[in-house]
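Next come the chains, spelled out residue by residue.
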Amino acid sequence: MKSTTRRMGLAATAAVVLVGVCCALGLTAARLVEQNDNKEQSITIKAFAGYSPAVASDWNRMPLWLQYERLSGIHIDWQTVPASEVADRRNLLLSRSPGEWPDILYGTQLSPLELVGYGASGVLIPLENLIDREAPHLKALLDRYPDVRRGLTMPDGHIYSLPMLYDPEFGSMLTGEKLWLSRSWLAALGERPPETTEELYRLLKRFASSDRNGNYKHDETALLVQDIDSLELVLKGAWGLGNRGAEHPFVDVNPRSGALRFIPTSPEYKEMLQFMRRLYEEGLLDNRLFAINESEFLRLIREEPVGAFVGNGPPSSVEGEYAAGAALAGPRGDRLFAGVHHPLHRAGAFAVTSANRYPEAAIRWADYFYSEEGNRLFFLGSPDETYRPAAERASAFSDSTAAVIGQGEDAKSERRIGQFLIWPRAEYPGIVRKTTFPGAESSASAQAGASRLQPALPAEVWPGFTYTPDENDLMIAYSADIQGYVAEMRNRFITGEVTFEAWDDYVVSLRRKGLTGYMAIYASAYKRFAMP
Ligand SMILES: [Ca+2]
């Protein structure tokens, strides 16, 4: 097993290093120089990138990139800014003269609209031909998953970016946030995992009054969720909503008419909100819901056991304590798990500007991270330095450096990983595969949870749609008015600040805000996607 991996590693390395002349950095490079009769000088590429708060800012000294420079022979001159500022700073940089542009944009949160705009103005170059010629690993994925290629292709017919992908076979990554139930609470109460929303309600009632912490008070946390969006993602399918997956929280297809449906005005959505209202009113939803941050959320799951929570998975210290639930059936018998994501996670993770004199090399450089060997380097680092190849779990970090790099369970260990590698909380070109991703989604319990949800996944999951510049101007205005209003009213309905008698007014308000126009644009984007 191990030697196979080694051979694959060398093969992948060879493909990459043919890019240019290496700088005699070690055996691998020297060997490849012999194979390479190309006499061009070693290449330097100027990169502009966003780094996440978990990751060290100086990428010119980042072990990952130093190691990859030895393998690729390409020197990257990194300019990094915090991810929270990267989109603005990138726009500012690109507004200057082309001489000041970077060669590549790495993890700068380019939206589909920005890809179209920068492509039309000649700032970004089209990549579809370069991908065909220079990016065999990505090309193989696009050929195998045509939906990803369609989602990556902008309305003008060009591809301007390399994507961040989730492996379509990595079910627990695609299903993301799930409902998790405490095994010990279930066992103590003699309960079984709920199969319907009503069973969930009754179970949460019992959790809340169980006095599991033994202080003679009904102060148990029955259900902890970090925000309403994640609760909605695990519940809406029980009302048949979200039948094209999680990239389209507001729109799906009406199963009766086959037409596009605006989810938040449907009678089923109203019933789901009424269910959430009931949970909230009866104290079954933790009232810290609207204020809780992620580290507090994880701390509560670890230290103050909760009956159930919605999340990617339990922290590894309590992994065995929680089991993922099945998709719930709703009052009308619908049973769908709508919280499933499309493998095209982010379209604009990597782009090449027209200032770049080595676009082929840049694409080959990035294509490595769609290979399994590249995944290994990117997510785990170097064998026997940051991880130890292990047959039983390829993604385990080595014992010797476990104190330095640990599992990515909390902010602290993410920061440790972030001294060596850049993936925690980042956007990057590449593919997240089960075999090499050391996050919570790779745990045995998350994978078991994903298999449990498998039978209830929508038959068709859409990637995000793309819009023409004209459509997009309108969409930005509509989104602020319509989606913002939906989110605001959802909270007010759930907390009881507004009663459901106001439902019809809410629907009328949405129509006044331009719902018809919003749906017309959605329909044209859908048509482009369905009939390219
Ligand atoms: Ca108690």
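Just above, that's the structure.
Residues numbered from 1 in each chain as written. Predicted model: local features only at pLDDT ≥ 70, side-chain atom pairs only at ≥ 80, totals over all residues.

**A few points about unusual backbone geometry**
Thinking step 1. Although it is not a glycine, Q109 adopts a positive phi angle of roughly 60 degrees.
Thinking step 2. Within the secondary structure, Q109 is located in strand β3 (residues 104-110).
Thinking step 3. The phi dihedral of Y216 falls on the positive side, at around 60 degrees, and the residue is not glycine.
Thinking step 4. Checked against the element boundaries, Y216 lands in the loop between α11 (197-208) and β6 (223-225). (Helix = DSSP H or I, 4+ residues; strand = E, 2+ residues; numbered from the N terminus.)

**Some points on the pairing of strand β4 (residues 162-166)**
Thinking step 1. Counting buried positions over the five residues of β4 gives five, a clear majority of the element.
Thinking step 2. In this structure, β4 lies alongside strand β11 (residues 344-352), joined through three bridges in antiparallel fashion. Following the sheet pairing, M164 is matched in β11 by R346.
Thinking step 3. As judged from the three bridges shared by β4 and strand β12 (residues 430-432), these two strands associate in the parallel manner. Each bridged residue has a counterpart across the sheet, and for Y166 the counterpart in β12 is V432. (Buried ≥ 20, exposed ≤ 12 C-beta atoms within 10 Å, placed from the backbone. Pairing = 2+ DSSP bridges.)

**A few points about the sheet that holds β6**
Thinking step 1. The four strands are arranged β6-β9-β5-β10 in an open sheet whose pairing can be described as mixed. Taken across any chain shown, the strands that pair with only one partner, and hence form the sheet edges, are β6 and β10 (322-324). When the angles between neighbouring strand axes are averaged without regard to direction, this sheet yields 30 degrees.
Thinking step 2. Direction of pairing for β6 relative to strand β9 (residues 308-311): parallel, over a ladder of three bridges. In the sheet register, V225 faces β9, and the bridge partner there is V310.
Thinking step 3. Against the sheet, helix α12 (residues 228-235) engages β5 (178-182), β6 and β9, with an angle of about 95 degrees to β9. (Axes fitted to C-alpha atoms, helices over the stretch in contact; angles between N-to-C directions. Contact = placed C-beta atoms within 7 Å.)

**Quick notes on the pairing of strand β1 (residues 43-51)**
Thinking step 1. One ladder, built from nine bridges, connects β1 with strand β2 (residues 74-82); its direction is parallel. Opposite I45, over in β2, you have I76 as the bridge partner.
Thinking step 2. Summarising the sheet, β1 and β3 pair through three bridges and their orientation is parallel. In the strand pairing of β3, F48 is matched with L105.

**A few points about the sheet that holds β3**
Thinking step 1. The strand order β2-β1-β3-β11-β4-β12 describes an open sheet built from six strands, whose pairing is mixed. This sheet does not close on itself; its edge strands, each paired only once, are β2 and β12. Across the sheet, the axes of successive neighbouring strands diverge by a mean angle of 20 degrees, strand direction being ignored.
Thinking step 2. Packing of helix α5 (residues 112-120) onto the sheet brings it into contact with β3 and β11, and relative to β11 it is tilted by some 25 degrees.

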